[in-house]
Amino acid sequence: MKRTVQIIILLFGCIINSQHAYSAETNKEEEAQPLDLIIILDDGEELTMFKETKKTAAARQTLSGAIRDEIPFLVSNTVLAALSQEYAYLFKYLQNSKQWKLYVDKTHEFTIGLPVHYLTWEKIITHNEIQQIGLNKSLLFHLQSEKINDFYFQIFQNAPSIKQVNLTTIKHLFAHKIGDTWESINNSSRKRLILFGHGLYEKKNFPGFIASLTIADYRDFLQFLNVINVDLLYVVSCYSGGNNLLKTYQLNDELISKPISLNYFLIIGAVTDNSAAAVSTQIDFIEFFQMVDNFFAPKKSSNVKFGDVAKLLWGKIIHNIPSVRFPGSINYFKAIEIDKYLEVITYAKSTALTIPPRLLLPIPIKNAYHRILDAFRKNEQPITEDIESVEKYLIEETKTGKIKPPTPIETHAKTIVIYPMQLKTPLIINFPPKKFTAQKLAELELGKYPAFISMIPGTAAHLINSVTTQGSLDLRYFIYMFFTLESAFAKLFLIEHLLSKNYPGSGIEAPEHAIINLTNVAIFKNKKQNSGTVFVQFDNKQYKAEVVYKRRYPDEELDVMPSISPFTVINAQQAHKEIYELIIKTRPTQQAVSQASGGQENEREIMEKMLSIFVPSIPH
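Read on for an overview of the structure. (Residues numbered from 1 in each chain as written. Predicted model: local features only at pLDDT ≥ 70, side-chain atom pairs only at ≥ 80, totals over all residues. Heavy atoms only, no water.)

**A closer look at the overall build of the protein chain**
Step number 1: Helix and strand content of the protein chain: 20 helices and 28 strands.
Step number 2: Within the protein chain, buried positions represent 56% of all 620 residues.
Step number 3: Residue pairs at least 24 apart in sequence account for 75% of intrachain contacts in the protein chain once pairs closer than 6 positions are excluded.
Step number 4: Only carbon and sulfur atoms are counted for the fraction: they give 51% of the accessible area of the protein chain, which is about 26900 Å². (Helix = DSSP H or I, 4+ residues; strand = E, 2+ residues; numbered from the N terminus. Buried < 20%, exposed > 50% of the residue type's maximum accessible area, 1.4 Å probe, protein only. Contact = heavy atoms within 4.5 Å. Areas by Shrake-Rupley, 256 points an atom, 1.4 Å probe, with all protein chains shown as cover.)

Here you go:
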């Protein structure tokens, strides 16, 4: 009998606590209910975290939800052992309940819990059934209920202070190794995986990791999933985007010319070099997997879109805005537009909107223009030759004075993510539509402010031609947009022209609430901390201000209340020197720029343009 295996992986660190209601209805004549498997892995953190600080709430809540809803789980024994001491009632229930059987792998690293009625009417789970759902029956042995407490107590006492996830054992749970290759335990079992886990950006003398795995192991894991019939992997992990994502594609530390290829859909839930925010609302995994089933269903009537699928898990939090990579694609992830308050600016969109259609109609380049727009509508990268031919034409027409300003991107979006290093298209931002007072801003939690997010991995500098803010979005709130999302790397935004409203106490010598035309605006955001520096030019004067975040509570990890100091007039030469240093400090790699722009932008050329515009008084 062909069975579908659906796997939910939860690896713990900074991610989500989730529970959901589950109702399984089976019929003898029908296929068995697809299997949801919740996996909770030790993530390499110090085990003393469990023994001393007792921070096991996430694991406990997830395991409690699995037990309550009778969802099979796979958990690292070091984590389960810690829970056995702190939350003994879970084990007492498992010990006494006739609804569960526990299986331990022969290396004693992982436990699989299976509800006895999940697959069969006979209330028995056999080793053949374990293999039928795609697990390795020869690696598992049944743990008798009377031995549960003693078994995990011994693991708790003898566990090392640091326990790294053993990827090889995980592989053996789903596949056989024959020579140097892996073969799926059951080729008929299909899998959809949701991977929640702890991640960290690369620090000095410490490599980054994603979903409790080192970057090398994570890359290995992604490739391994190619052989065990995976349809979909959804990853929500701190720092799974951005620079870590760039390194995921590399075959070694220097080379990215041969990125890995995957034969399944991959969705990443961390928008860039940031932590993935915990989702406070309950996640309905049943609804999620039903939608996934409809998406993969052969019925032509199915109208489920990837945005609909992703929307169920990202929780309306900007930290978790999903990006997608389609099977066989080697392109960088493109953010999915799943919400009317999200604006995604890709290189394709920016380029397409700089082309005046009226000028292209009478000439053959018309076809190239339409190909570019069509590619943008399909969220694909336009053909390089098309863009080059159109840009050459525009250059010639500009010399004759026939070119009018490009069509602006006007948005009412709350969150704007930008992929290109240079945005030539004017940007008009009209948010929020209602009055947005300072008191209301202070009341909001981090992640609910309007946000402007760089999608270039690692350090990044963006050059933007012009921005106009409308509605209640004055200069102060516009600056806040760049400090909403914490980042592991410094970011710099250079705006040649900014039209915005002044605000009370700004320090800029203009009437309150007056429209002010600023030039050469530089907004610098420090890495990790939500603080930075802002430079503006107005009325032939150079101004500077500092942005800082105050903690609402002393022990909070994230800053939640922004403030900006009054702008003060400074010496232009000094301002140019500081901006020059910031441009050099945030210079992105060509690899990162190529990934974000689809290989269309040259980092060196844009950097030279930045320097020529913003630091004309400094030789370079």
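**Some thoughts on the nonpolar core**
Nonpolar side chains tend toward joint burial in soluble globular proteins.
Step number 1: Grouped together as the largest cluster of nonpolar side chains are 42 residues, with contacts concentrated most on L225 and L233.
Step number 2: Breaking this core down by element, the ones donating at least two residues are β2 (35–41), β5 (110–115), α7 (167–174), β9 (190–197), α8 (215–224), β12 (230–237), α9 (242–249) and β13 (265–268).
Step number 3: Looking at which element gives the most residues to this core, the answer is α8, with 5 residues.
Step number 4: Those residues in contact with L233 that sit more than four places away from it in its chain are L193, L195, L222, L225, Y264, F265, L266 and I267. (Core = buried A, V, L, I, M, F, W, Y, C linked by side-chain atoms within 4.5 Å.)

**So, the packing of helix α18 (residues 572–585) against helix α20 (residues 603–614)**
Step number 1: One can describe the packing of α18 onto α20 by two numbers: an axis separation of 10 Å at closest approach and a directional angle of 170°. In terms of their interaxial angle, α18 and α20 are classed as roughly antiparallel. Where α18 approaches α20, its residues H576, I579, Y580 and I583 are matched on the opposing element by M607, M610, L611 and F614.
Step number 2: Partitioned by chemical class, the residues of the contact of α18 with α20 number 7 nonpolar, 1 polar and no charged. (Axes fitted to C-alpha atoms, helices over the stretch in contact; angles between N-to-C directions. Parallel < 35°, antiparallel > 145°, perpendicular 65-115°, else oblique. Nonpolar A, V, L, I, M, F, W, Y, C, P; charged D, E, K, R; others polar.)

**Quick look at the packing of aromatic side chains**
Step number 1: In total, this model carries 10 aromatic pairs according to the counting rule given.
Step number 2: With 5.4 Å between their ring centres and 35° between their planes, F73 and W100 make a pair best called tilted. With a gap of 27 residues between them, F73 in strand β3 (residues 73–76) and W100 in strand β4 (residues 100–105) connect regions that are remote in the sequence.
Step number 3: On the basis of relative accessibility, which here comes to 6%, the residue W100 falls in the buried class.
Step number 4: Here the aromatic rings of F452 and F493 are separated by 5.7 Å at their centres, their planes lie at 80°, and the arrangement is edge-to-face. Taken together, the residues span a long stretch of sequence, with F452 in strand β21 (residues 451–454) and F493 in strand β23 (residues 491–501) at a distance of 41 residues. (Phe/Tyr/Trp six-rings, centres within 6.5 Å; stacked < 30°, edge-to-face > 60°.)

**Re helix α3 (residues 77–86)**
Step number 1: Of all 10 residues making up α3, 8 are buried, and the element is well covered by its neighbours.
Step number 2: What α3 keeps buried is the set N77, T78, V79, L80, A81, A82, L83 and S84.

**Quick look at the pattern of salt bridges**
If charged atoms from side chains of opposite charge come close, those side chains can pair.
Step number 1: All chains considered together, the criterion is met by 8 salt bridges.
Step number 2: The closest approach of N and O atoms between K491 and D273, which form a salt bridge, is 3.8 Å. One end of the pair, K491, is in strand β23; the other, D273, is in the loop between β13 and α10 (285–296), and 218 residues separate them in sequence.
Step number 3: Classification of K491 as buried rests on a relative accessible area of 4%.
Step number 4: Taking the relative accessible area as the measure of exposure, D273 reaches 2% and is therefore buried.
Step number 5: The closest approach of N and O atoms between E546 and K544, which form a salt bridge, is 3.8 Å. (Salt bridge = Lys/Arg side-chain N within 4 Å of Asp/Glu carboxyl O.)

**Quick notes on the sheet that holds β21**
Step number 1: Spatial strand order, β16-β18-β21: 3 strands in an open sheet with parallel pairing. The open sheet is flanked by β16 (342–345) and β21, the only strands paired with a single partner. The average undirected angle you get between the axes of adjacent strands in this sheet is 15°.
Step number 2: Here 4 bridges tie β16 to strand β18 (residues 415–418), and the two strands are oriented parallel to one another. Within β18, the position partnered with L342 by the bridge is T415. (Pairing = 2+ DSSP bridges.)

Read these as spatial facts, not as claims about activity.
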